[in-house]
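Coordinates in review
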Amino acid sequence: MKYEKLDINSGSKYKWLLCGLIMGVVLIIIINSIFSYAKYKSVDSVKLASGTISYESADLNIIAMYKNDNEGKGNELIDKIPEGNYKLSNESYCIVSGNPEDKIKDVFEYKENKVYIAIDRKGTKCYVYFEKQKTPLEQTLANLGLTEDIPDGKTTFTDVACGSCTDNTSGLFKGTDKDGDTYYYRGNVSNNWVKFGKAKNGQDIYWRIIRINGDGSIRLIYSGTGSAQTTEISTQISTSAFNTNYNDNKYVGYMYDPSGTDASQKSNYPPQTSSTSTQSTILEVIVTWYNDNLKSYEEHLDGNAGFCGDRTLAKNGHGTYYPTTGERGYGSNVTVYGPGDRAWEIGSESWAESVTPTFNCDNDKDLYTTSDASRGNKALPVPVGLITMDEVVFA
């Protein structure tokens, strides 16, 4: 094969052929560059005013969220839906196409810590506000005007024995129950009166607040009819034996099992003291009074907080007052139960040197609640009960 040097000046056909190729390549490069440049250069221009532009970060979001903790700080911008006791405020709204006059409300649903917004127009922006709510306990305290710090209670033998307690042992104190903080009155107080309901004879019924439960409900004790803080008031509805039968441990129950106490039950303690099939004598008296006087006010009464009839055995033991075998709490065997062990010096008939009362009811079967309650034994026919030994010690 013979190779020849191409001389662009030697022939016009080669000259124009080469020029054509070069121009074609240049043309292709220019056209491609023009279209590529156009693709990346096509943007909208934005006119900016001279000087400082003021805006909130929320202005750059489709949804802006705020919370108000009711601590005087007002609404605070947030990035995440707050957890805890918050509700969606009726301040929440959406605007369409940036027009503040075109506000949309009532398009929000707040459940399971998520907000669902029903909008159907392009260009909609929403402002969502959350407001912290008081817990039921905080709301009750506020309703009673109790907003100051309340000291922790320190129940001692001296407090229990003081009778008409001095100022530094009287008043409202803080303790704990299974719902959290609880607040109870003790000593010689005069600011815990409540008028609620009318008796069968048409007279007003007066009560004293024993305690504000951890769930925000209020525990009251009957203080008679007539006028508050007068000598005419009787502080009891009647007198009654707790149970007219008393020769068996089963009768320590506010409700109990009336069946026999044969030897087969010894190894199966505590069925006879944890049953709720039969009303005690005193519960029958209370049910009658309730139906005559408070039945029409039932919607205002809480059957969930319950009344403790603690039938747990004393944990520490008191020598000869019960045997150390499994027969404690069975039949007629002398037995000490938890409330007495926490408050009383067994054998000396006096308060223990170190009282240890509690507002908790450790055995759920002994927490007497009504059938619609979410806890307890749900066996109580009416939402009333008796003050406990522990509550007496606290008071």
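Treat the numbers as computed from the prediction; the structure is a model and nothing was measured. (Residues numbered from 1 in each chain as written. Predicted model: local features only at pLDDT ≥ 70, side-chain atom pairs only at ≥ 80, totals over all residues. Heavy atoms only, no water.)

So, about the state of the cysteines. For the structure shown, the criterion picks out two disulfides. Between C94 and C126 runs a disulfide, and the two sulfur atoms are separated by 2.0 Å. Across the S-S bond of C94 and C126 the torsion is about 100°, and the bridge reads as right-handed. Placement of C94 in strand β4 (residues 93-96) and of C126 in strand β8 (residues 124-132) is noted, with a sequence separation of 32 residues between them. For C126, a relative accessible area of 2% puts it in the buried group. (Disulfide = S-S within 2.5 Å. Helix = DSSP H or I, 4+ residues; strand = E, 2+ residues; numbered from the N terminus. Buried < 20%, exposed > 50% of the residue type's maximum accessible area, 1.4 Å probe, protein only.)

Tallying each qualifying case throughout the model produces 14 salt bridges. D179 is the salt-bridge partner of R375, the closest N and O atoms lying 2.9 Å from each other. Here the residue R375 occupies a position in the loop between β19 (367-368) and α7 (389-394), and D179 occupies one in the loop between β9 (171-177) and β10 (180-186), the gap between them amounting to 196 residues. Ionic pairing is found between E298 and K295, a salt bridge with its closest N-O pair at 3.5 Å. Each of D177, R211, R219 and E391 takes part in a single network of salt bridges with overlapping partners. (Salt bridge = Lys/Arg side-chain N within 4 Å of Asp/Glu carboxyl O.)

Grouped together as the largest cluster of nonpolar side chains are 19 residues, with contacts concentrated most on W207, Y254 and L294. Among the elements of the structure, β12 (204-212) and α5 (281-293) are those that each provide at least two residues to this core. Looking at which element gives the most residues to this core, the answer is α5, with six residues. Setting aside anything within four residues of it in sequence, one finds Y254 in contact with F242, T278, Q279, S280, I282, L283, I286, Y368, L380, V384, G385 and L386. Counting residues in each nonpolar core, the second largest holds 13 residues, with M65, I81, L88 and I104 among its members. (Core = buried A, V, L, I, M, F, W, Y, C linked by side-chain atoms within 4.5 Å. Contact = heavy atoms within 4.5 Å.)

All right, on to the side chain of D69 then. The residue D69 is located in the loop between β1 (63-68) and β2 (76-78) in this model. A polar contact of 2.4 Å, which involves the side chain of D69, links it to the side chain of Y86. Aside from chain neighbours lying at most four places away, what touches D69 is E76, Y86 and K132. (Polar contact = N/O pair within 3.5 Å; in protein donor to acceptor, adjacent residues only side chain to side chain.)

This part is about the environment of K105. Assignment of secondary structure puts K105 in the loop between β5 (99-104) and β6 (108-111). The partly exposed category is assigned to K105, whose relative accessible area is 42%. Between the C-alpha atoms of K105 and N90, which are 15 residues apart in sequence, the distance is 8.1 Å. Excluding residues within four positions of it along the chain, K105 makes contact with N90, E91, S92 and Y93.

When you line up the elements, G329 lands in the loop between β16 (307-308) and α6 (338-343). It is 8.6 Å that separates the C-alpha atoms of G329 and D248, two residues lying 81 residues apart in sequence.

On the surface, I221, I387 and V392 cluster together into a nonpolar patch covering about 210 Å² of accessible area. Relative to the helices and strands, I221 is located in strand β13 (residues 218-225). (Patch = residues over 30% accessible without salt bridge, like charges linked within 9 Å, V, L, I, M, F, W, Y side chains within 5 Å. Areas by Shrake-Rupley, 256 points an atom, 1.4 Å probe, with all protein chains shown as cover.)

Residues of the protein chain with pLDDT of at least 70 account for 69%, and the chain-wide mean is 77. Ranking the elements of the protein chain by mean pLDDT puts helix α1 (residues 12-41) last with 47 and α5 first with 96. pLDDT under 50 marks residues 1-6. Its contacts with residues more than four places away, or in other chains, come to one contact. Segment residues 24-49: pLDDT under 50, and one contact once partners within four positions in sequence are set aside and those in other chains are kept. (pLDDT = per-residue confidence, 0-100.)

Once that is clear, we can look at the pairing of β4. Alternating residues of β4 divide into Y93 and I95 and C94 and V96, and every residue in both groups is buried. Bridge count between β4 and β8: four bridges; the pairing is antiparallel. Its bridge partner lying in β8, V96 is registered against T124. (Pairing = 2+ DSSP bridges.)

Another aspect to go through is the side chain of S92. Structurally, S92 is set in the loop between β3 (86-88) and β4. You can call S92 buried: its relative accessible area is 3%. Setting aside chain neighbours within four positions, we find S92 in contact with K105, F108, Y127, V128 and Y129.

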